[in-house]
Amino acid sequence: MAQKQGGRVVFADLLRVFALLAAMILYLIGDQLNRVGAGTASWTVLSLYDGLLRWCVPVFAMLSGMMMLDEKAGRSLPKLFFHNALRVLIALLVWAGIYAAAGTLAAGGRFTWAGLWADILSALRGNSHDHLWFLYIILGLYLVTPVLRSFVRGASRSDFRYFFVLAFLFASLLPMSFRLWPGTAVLQVWYDRLAVQLVLGYVGYYVAGYYLREYTISRVAEAVVYVLGVLGAAATVWGTSVLSRQAGRMVDTLYDPFSPNIVCFSVAVVVLFRYVLGVSDERSRRQRLSGVARISFGMYLVHPLFLMLLDRFGITVLSFPPAAAVPLLAAAVFLCSFASAWLISKIPFIGWWLT
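Residues numbered from 1 in each chain as written. Predicted model: local features only at pLDDT ≥ 70, side-chain atom pairs only at ≥ 80, totals over all residues. Heavy atoms only, no water.

Enquirer: How should the pattern of salt bridges be read in this particular structure?
Expert: Pairing between side chains of opposite charge can happen when the charged atoms of each approach one another. Applying the stated rule across the entire model yields six salt bridges. Taking the shortest distance from any N to any O, the salt bridge between aspartate 70 and arginine 213 comes out at 3.1 Å. Placement of the pair is aspartate 70 in the loop between α3 (56–68) and α4 (77–106) and arginine 213 in helix α9 (residues 203–214), with a sequence separation of 143 residues. Classification of aspartate 70 by relative accessible area gives buried; the value is 1%. Classification of arginine 213 as buried rests on a relative accessible area of 3%. (Salt bridge = Lys/Arg side-chain N within 4 Å of Asp/Glu carboxyl O. Helix = DSSP H or I, 4+ residues; strand = E, 2+ residues; numbered from the N terminus. Buried < 20%, exposed > 50% of the residue type's maximum accessible area, 1.4 Å probe, protein only.)

Enquirer: Please clarify how helix α13 (residues 296–312) should be interpreted in this entry.
Expert: An α-helical turn contains 3.6 residues, so any two residues separated by three or four positions project in the same direction. Relative to the 24 Å expected for 17 residues at 1.5 Å per residue, α13 spans 25 Å between its end C-alpha atoms, a close match to the ideal helical length. At valine 302, α13 shows its strongest bend, of approximately 30°, with the proline proline 304 following within four residues. Among the residues of α13, Ser296, Gly298, Met299, Tyr300, Leu301, Val302, His303, Pro304, Phe306, Leu307 and Leu310 are the ones counted as buried. One or two residues past the end of α13 sits glycine 314, with phi positive at roughly 70°. (Expected span 1.5 Å × (residues − 1). Bend = angle between axes of the 7 residues up to and from the residue.)

Enquirer: What is the right way to look at the packing of aromatic side chains in this model?
Expert: The description of two aromatic rings rests on the distance between their centres and on the angle between their planes. One pass over the structure, following the stated rule, counts 20 aromatic pairs. Consider the rings of phenylalanine 160 and phenylalanine 164, whose centres lie 6.2 Å apart with planes at 25°: the pair is stacked. In this pair, phenylalanine 160 and phenylalanine 164 both sit in helix α7 (residues 157–180), four residues apart, roughly one turn of the helix. On the basis of relative accessible area, phenylalanine 160 is assigned to the buried category, the value being 0%. Here arginine 87 stacks its cationic end above the ring of tryptophan 352, 4.3 Å away from the centre of that ring. (Phe/Tyr/Trp six-rings, centres within 6.5 Å; stacked < 30°, edge-to-face > 60°. Lys NZ or Arg CZ within 6 Å of the ring centre and 35° of its normal.)

Enquirer: Even after reading the chapter, I still don't get unusual backbone geometry, so can you show me in this structure?
Expert: In terms of backbone geometry, most residues other than glycine have negative phi values and most peptide bonds are trans. Despite not being glycine, alanine 195 shows a phi value in the positive range, around 50°. One can find alanine 195 in the loop between α8 (185–194) and α9. Given the relative accessible area of 38%, alanine 195 is considered partly exposed. Located in the positive-phi region is phenylalanine 349, a residue other than glycine, with phi close to 75°. Turning to its location among the elements, phenylalanine 349 is positioned in the loop between α14 (322–345) and α15 (351–354). Assessed through its relative accessible area of 80%, phenylalanine 349 is described here as exposed.

Enquirer: Explanation requested: helix α6 (residues 133–154) in the structure shown.
Expert: The terminal C-alpha atoms of α6, which comprises 22 residues, lie 32 Å apart, in line with the 32 Å expected from a rise of 1.5 Å per residue. Bending of α6 peaks at approximately 50° at the position of threonine 145, with proline proline 146 no more than four residues after it. All buried positions along α6 are accounted for by Phe134, Leu135, Ile138, Leu139, Leu141, Tyr142, Thr145, Leu148, Arg149 and Val152. On its buried face, α6 is in contact with α3, α4, α7, α9 and α13. (Contact = heavy atoms within 4.5 Å.)

Dropping the structure here:
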């Protein structure tokens, strides 16, 4: 079982911080890849950053599974729905309103309470700012958490392996083959007829997060995971380059979070953080790390405000050489987001709900 410090899983805190930074970089790059020609020097640098960080979204799902599927953490059904899920829903609605208002003001419009209420209602209908899409995913995973807890509580390791085989086959391998090789129409007929919904979506990642935290894998299995992860990362970068050059534009087919290359890459990242990177035993370092991890949700929610500010001043990762622009701008956004989320978290009564 993974090492804990003060009730927190140490490697998960470190992984959460790096995944957050990776997500910020992806949003910084955004559609900039579509603004430069495929194969140019700037495009190559940006696509390298982009491809090598695509593990962050699956890792967020696995981190959620590590925490929420653990019955020993004391998350009863009432706490799950009226504490965790309610917090995500409130944050979704409030921040949807904030970003809608910020977008209106940035476009030269005028803020009105009626407009804000309309934006909140729009979020309830599933329409909100780009980065808030993941909150809907988390709410969906919370809904099936009680059922999945029952599964992981009684499942043997062979049961887990069978589940992962199904998830990889039906959520990853077959859908990607249908996209890349249209000639597999016969397989798609069977795929549609079987309709194995249970293992689709982010459920596979969610359960995998719990498994990778609770169970220790052998050295041989760990080595295999790393080899597949490196191959997945290489396939993501190289394959995207080949497809994009052939099309003369950005082709992000291999960026799909369920593509086999991203699945292998993402699992390898989690295994690497658990078994190799770890965290120093020095208590002060662990406390600082946990402090950042505790408000990582708020940092994710607030960081697009700083991206909007950069855009307002015409600053992008193409404003100066991308190799330097990406890490420098990412560091600035990360630090500003940390400061803002920390301040918001200190607001009495409402700070916790928004960060």
